[in-house]
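So you can see what is in the structure, the chains are spelled out below.
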Amino acid sequence: MTRDPHTPEAYTRLALALSVTVASPFLFRGLGGKLVGLDAAALRDEEGHPIIPADQIRGCLRDAFEDLAAAGAGLGASDILDLFGRPSAAERTAGTPNEPLRGRLIVSDLVARGVDRSTQHETTRIEIEDDTGAVDEGKMQVLELVAPFGRAVTFEGTAILYVPVGEEEAWTTRLRRALALVTAIGAAKSAGYGEVTATAVERVAATPVVIPAAPLAASIGPVRRRYRVTFDRAILVDAEKIADNAVLGSVVLPGAVFKGALAQVLIHAGEDPRTGAYRDSLAALSIGHAFPEAFRRDEASGALEPSGTPGLLPLPLSLVSADGEVFGDALRCPDGRDVLMRVDSRLGDRKCEAARFAGDWKSPWFGKANAALGRLPTEEPPPIARTHTAIDHDGVATDQALFTTLARSVRRARSAAEGGDWTDRSWIVDVAADGDAASLRLLALLEQGLDGIGKTGARATFRAIGETPAPVLREIDGHPGEYAVMLVTPAHLLDPTSLVEMRDGRPAWKDISPQKAYADYWGQLLPGATLVGAIARQRYTGGYLARRRRARGQKAYHPFLITEAGSVFHLSGVRGDDLARLRDLCRTGLPPAAIDGRAVDWETCPYVRENGYGRITADHLSGPIGATLLKEVRHA
């Protein structure tokens, strides 16, 4: 049955258990192996269990569903796009919106947990010359085997499938039939590897997607709630290209990621988040970025205990050091230039060296800088590498379509003091709602959990741990009315068109300094305050985000000029009403700058504060730590 994919209808969330049994030899190749004498090693999860990656299962299922459709099994091309996702229409024509649609099928890795890992098994492959039938010299591979030849290994995982109400049994049967069509999987199938001997699909739960009723106290005023968030698999969001064919996911999750997943739940509940009854409440719902949770270390046992506070916050860009041992702050130095630091306290100012900003630091300096700021520690496990390739309709790898993703691990190994074994990592996110019935129902929907987070389709589980702490404003030590305001998340503070003018028919930068541009922005927010100085970094962001959110209309493409997290602004004269306004900004985040003189919203700019952007603190350089940082710097 063909449906309009843009028309919301009521769905049921099917939770399914999948299993695939494969007879050895088989190979699902990981990136390891070279250092232990293997040409190819098995892909494993953080705990060392062999796995079949989710992308490979999805690829096999898609191929099987296409075979079922070709055989006239009651499926069409539209059904397959519904399952696996629809690409956006081609944007070659001006005005075409960029609106891809996520698929309704989400599959996890399949894991083999009962495999004996005490013994390593290997096999070899050789290449035979076509002309002589002899072994081609030097053409031998050494491959790791998860189990001895002939041993059957069962891999188990889960799938989430959203289906129209009333079609639960039909789609469970279709998925079962599709998985049964997979007769071989993994590498070297043409050589007899990867024989699938059994498959199974079992329904675990069928839950109608409905929006919860609003609490009885639906007019309780604004709600500001802090959540601890965990994930069921590695996460890949806000990825940064680090090589021509490699991307690294961010360890900090933008609030927009959760809001997009929440909008998808509304669609499955039969509501249109763009035009329906929840449009305004969803737009006003403020979801902050999720930062990895910081830990407190028990002094007696050495065990790490969750703190309920965010960790891995950005370092202030004004922070400097000459040796990686002593740190200072250059914010109060004119233009942040010619900064010196004492390197021998016994000689006072007679022994100084040029201070280095973070761009010139060595890796160990960053951890020491966080300690100098009095921050709690946060563990960061290495990313999880997966290599992907596109497969054409003949089942052959597409040329020049190989790439590697580096997702962030959601598990960590516990120390002996913590009892060993593995445990979930957690993230901290702050959410603010107006407190009306619609916004409280959205909060209740979020607290049920969100599927489809990032490229891996992770499920996020939210547990409320209290109210969001009130913002703390502290003056720069020894300087009344002065504040060092730091961006915790990126922000859209500058409109490039206000900095560019046409000269002889060509765009050119206006004769305006970044200091003046930022002063104009802050002058609109805090009319009585003065921007004394700023140490900030900017970058252009375009690509998908600029194609999806077009501030100048669908027929124009322009990137956004973003001020980076860690940028610091020195404000003076912040008193009275301006102090109250600054306190509100610390609570809500900075508003995005207008573009071409027009205010922006979530439909024209992704960097709105309701999506977690523009969050600030106003306590840098305060107290004893601030006094120390200021004392350590000199101006040449």
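Rules used throughout
- Residues numbered from 1 in each chain as written.
- Predicted model: local features only at pLDDT ≥ 70, side-chain atom pairs only at ≥ 80, totals over all residues.
- Heavy atoms only, no water.
- Helix = DSSP H or I, 4+ residues; strand = E, 2+ residues; numbered from the N terminus.
- Contact = heavy atoms within 4.5 Å.
- Areas by Shrake-Rupley, 256 points an atom, 1.4 Å probe, with all protein chains shown as cover.
- pLDDT = per-residue confidence, 0-100.
- Pairing = 2+ DSSP bridges.
- Axes fitted to C-alpha atoms, helices over the stretch in contact; angles between N-to-C directions.
- Patch = residues over 30% accessible without salt bridge, like charges linked within 9 Å, V, L, I, M, F, W, Y side chains within 5 Å.
- Salt bridge = Lys/Arg side-chain N within 4 Å of Asp/Glu carboxyl O.
- Buried < 20%, exposed > 50% of the residue type's maximum accessible area, 1.4 Å probe, protein only.
- Core = buried A, V, L, I, M, F, W, Y, C linked by side-chain atoms within 4.5 Å.
- 1 Å grid on protein atoms, 1.4 Å probe; cavity = no way out; pocket = protein on both sides within 12 Å on 5 of 7 lines; lining within 4 Å.
- Points joined across faces, edges and corners; volume = space filled by probe spheres on them.
- Expected span 1.5 Å × (residues − 1).
- Arc of directions from axis to C-beta.
- Phe/Tyr/Trp six-rings, centres within 6.5 Å; stacked < 30°, edge-to-face > 60°.
- Polar contact = N/O pair within 3.5 Å; in protein donor to acceptor, adjacent residues only side chain to side chain.
- Parallel < 35°, antiparallel > 145°, perpendicular 65-115°, else oblique.
- Left-handed = near helix turned anticlockwise from the far one by under 90°.
- Nonpolar A, V, L, I, M, F, W, Y, C, P; charged D, E, K, R; others polar.

Per an unreviewed UniProt entry, the recorded name for the chain is CRISPR type III-associated protein domain-containing protein, and the organism is Rhodoplanes serenus.

Chemist: I would appreciate a short explanation of the overall build of the chain in the present structure.
Modeler: Within the chain, the regular secondary structure consists of 12 helices and 35 strands. Taken along its principal axes, the extent of the C-alpha atoms in the chain is 80 × 65 × 60 Å. Across the chain, contacts joining residues at least 24 apart in sequence account for 72% of those joining residues at least 6 apart. If you sum the accessible surface of the chain, you get close to 30900 Å²; carbon and sulfur atoms cover 50% of it.

Chemist: Explain the confidence of the model for the chain here, please?
Modeler: Low-pLDDT stretches of the model should not have their predicted coordinates read in fine detail. On average, the chain scores 88 in pLDDT, and the residues at 70 or more come to 92%. Looking across the chain, the model is least confident in helix 10 (residues 543–548), with a mean pLDDT of 74, and most confident in strand 27 (residues 483–487), with 98.

Chemist: In this structure, what is going on with the sheet that holds strand 27? I would like to understand it.
Modeler: Strands belonging to one sheet form pairs held by backbone hydrogen bonds; the direction of such a pair is parallel or antiparallel. Strand order in this open sheet of four strands is 30-33-27-34, and the pairing throughout is antiparallel. The sheet is open, and its two edges are formed by strand 30 (530–535) and strand 34 (616–620), each paired on a single side. Between one strand axis and the next, the sheet turns by 30° as a mean value, whatever way the strands run. Bridge count for strand 27 against strand 33 (residues 568–572) is four bridges, and the pairing is antiparallel. Of the residues in strand 33, the one forming a bridge with Tyr483 is Leu571.

Chemist: Just checking my understanding: could you explain the sheet that holds strand 16 (residues 327–329) for this structure?
Modeler: The antiparallel open sheet is built from three strands, whose spatial order is 16-15-19. The open sheet terminates on both sides in strands that have one partner only, identified here as strand 16 and strand 19 (356–357). Pairing analysis gives two bridges linking strand 15 (residues 319–321) to strand 19, with the strands arranged antiparallel. What sits directly across from Val320, in strand 19, is Phe357. Sheet strands touched by helix 6 (residues 363–372): strand 15, strand 16 and strand 19. Its angle to strand 16, the strand with the most contacts, is close to 65°.

Chemist: Sorry if this is basic, but what is going on with a nonpolar patch on the surface here?
Modeler: A grouping of Ile126, Ile128, Val135 and Met140 is seen on the molecular surface, where their side chains present a nonpolar patch of about 370 Å² in accessible area. Broken down by secondary-structure element, the contributors of at least two residues to the nonpolar patch are strand 5 (121–128) and strand 6 (135–145). Relative to the helices and strands, Met140 resides in strand 6.

Chemist: What's the story with the pattern of salt bridges in this structure? I'm lost.
Modeler: For the coordinates displayed, the defined rule picks out 26 salt bridges. Of the charged contacts in the structure, one is a salt bridge between Arg13 and Asp451, with a shortest N-O distance of 2.7 Å. Taken together, the positions of Arg13 in strand 1 (residues 11–23) and Asp451 in strand 25 (residues 450–453) put the pair 438 residues apart, joining distant regions of the chain. Residue class for Arg13 comes out buried when judged on its relative accessible area of 18%. For Asp451, a relative accessible area of 10% translates into the label buried. Linked by salt bridges that have partners in common, Arg13, Asp451 and Arg459 make up one network.

Chemist: Just to check I follow, could you spell out the nonpolar core for this structure?
Modeler: Nonpolar side chains in soluble globular proteins tend to be buried together. One finds Phe231, Leu253, Phe258, Leu450, Ile453 and Phe462 to be the most contacted residues of the largest nonpolar core, which totals 42 residues. At the level of secondary structure, the elements contributing two or more residues to this core comprise strand 1, strand 7 (152–164), strand 9 (223–231), helix 4 (255–268), strand 24 (427–433), helix 7 (437–447), strand 25 and strand 26 (458–467). Setting aside residues no more than four positions away along its own chain, Ile453 makes contact with Phe231, Val237, Leu253, Val257, Phe258, Ala261, Ala458 and Ala460. The next biggest cluster of nonpolar side chains, apart from the first, holds 39 residues, and it includes Leu16, Val20, Val115 and Leu161.

Chemist: What is the right way to look at empty space enclosed by the protein in this model?
Modeler: Evaluation of the coordinates by the stated rule reveals three cavities of 30 Å³ or more. The computed volume of the largest cavity comes to approximately 60 Å³. Pro292, Glu293, Phe295, Thr378, Glu379, Pro381, Arg412, Arg425 and Ser426 together form the lining of the largest cavity. With three residues, strand 13 (residues 291–297) is the largest single contributor of residues to the lining of the largest cavity.

Chemist: Is there a simple way to think about helix 9 (residues 514–525) in this case?
Modeler: In an α-helix, one full turn covers 3.6 residues, which means residues spaced three or four apart are oriented alike. Between its first and last C-alpha, helix 9 extends 17 Å over 12 residues, near the 16 Å set by a 1.5 Å rise per residue. Of all the positions in helix 9, only Ala517, Tyr518, Tyr521, Trp522 and Leu525 are classed as buried. Taken down its axis, helix 9 places every buried residue within 125° of arc, on the same side.

Chemist: Teacher, can you tell me more about the packing of aromatic side chains here?
Modeler: What characterises a pair of aromatic rings is the spacing of the ring centres plus the angle enclosed by the ring planes. Summed over all chains, the structure comprises 15 aromatic pairs. Look at Phe560 and Tyr607: their rings are 5.9 Å apart centre to centre, the planes differ by 70°, and that puts the pair in the edge-to-face class. Taken together, the residues span a long stretch of sequence, with Phe560 in strand 32 (residues 560–563) and Tyr607 in the loop between helix 11 (576–588) and strand 34 at a distance of 47 residues. When sorted by exposure, Phe560 lands in the same class as Tyr607, which is buried. In this structure an aromatic cluster arises from ring pairing among Phe327, Trp361, Trp365 and Phe366.

Chemist: How do you make sense of the side chain of Thr489 when you look at a structure like this?
Modeler: Structurally, Thr489 can be placed in the loop between strand 27 and helix 8 (496–499). Exposure remark for Thr489: the relative accessible area of 2% places this residue in the buried category. A polar contact is formed between the side chain of Thr489 and the backbone oxygen of Gly612, at a distance of 2.9 Å. Setting aside residues up to four positions removed in sequence, Thr489 forms contacts with His289, Phe291, Ala565, Gly612, Tyr613, Gly614 and Arg615.

Chemist: Which parts of the structure should I look at to understand the pairing of strand 32?
Modeler: The side chains of a regular strand alternate between both faces of the sheet. Burial along strand 32 is two-sided: Phe560 and Ile562 facing one way and Leu561 and Thr563 facing the other are all buried. As judged from the four bridges shared by strand 31 (residues 538–541) and strand 32, these two strands associate in the antiparallel manner. Its bridge partner being in strand 32, Arg539 is matched across the sheet by Ile562.

Chemist: I would appreciate a short explanation of the packing of helix 1 (residues 54–70) against helix 2 (residues 77–84) in the present structure.
Modeler: Two quantities define a packed helix pair, namely the angle between the axes and the distance from one axis to the other. For the pair helix 1 and helix 2, the least separation of the axes is 10 Å and the interaxial angle reads 165°. Considered as vectors, helix 1 and helix 2 are oriented roughly antiparallel to each other. Here helix 1 and helix 2 pass one another in a crossing that is right-handed. Taken together, the residues of helix 2 that come into contact with helix 1 (itself represented by Arg58, Leu61, Arg62, Phe65, Glu66 and Ala69) are Ile80, Leu81, Leu83 and Phe84. Split by residue class, the contact of helix 1 with helix 2 holds seven nonpolar, no polar and three charged.

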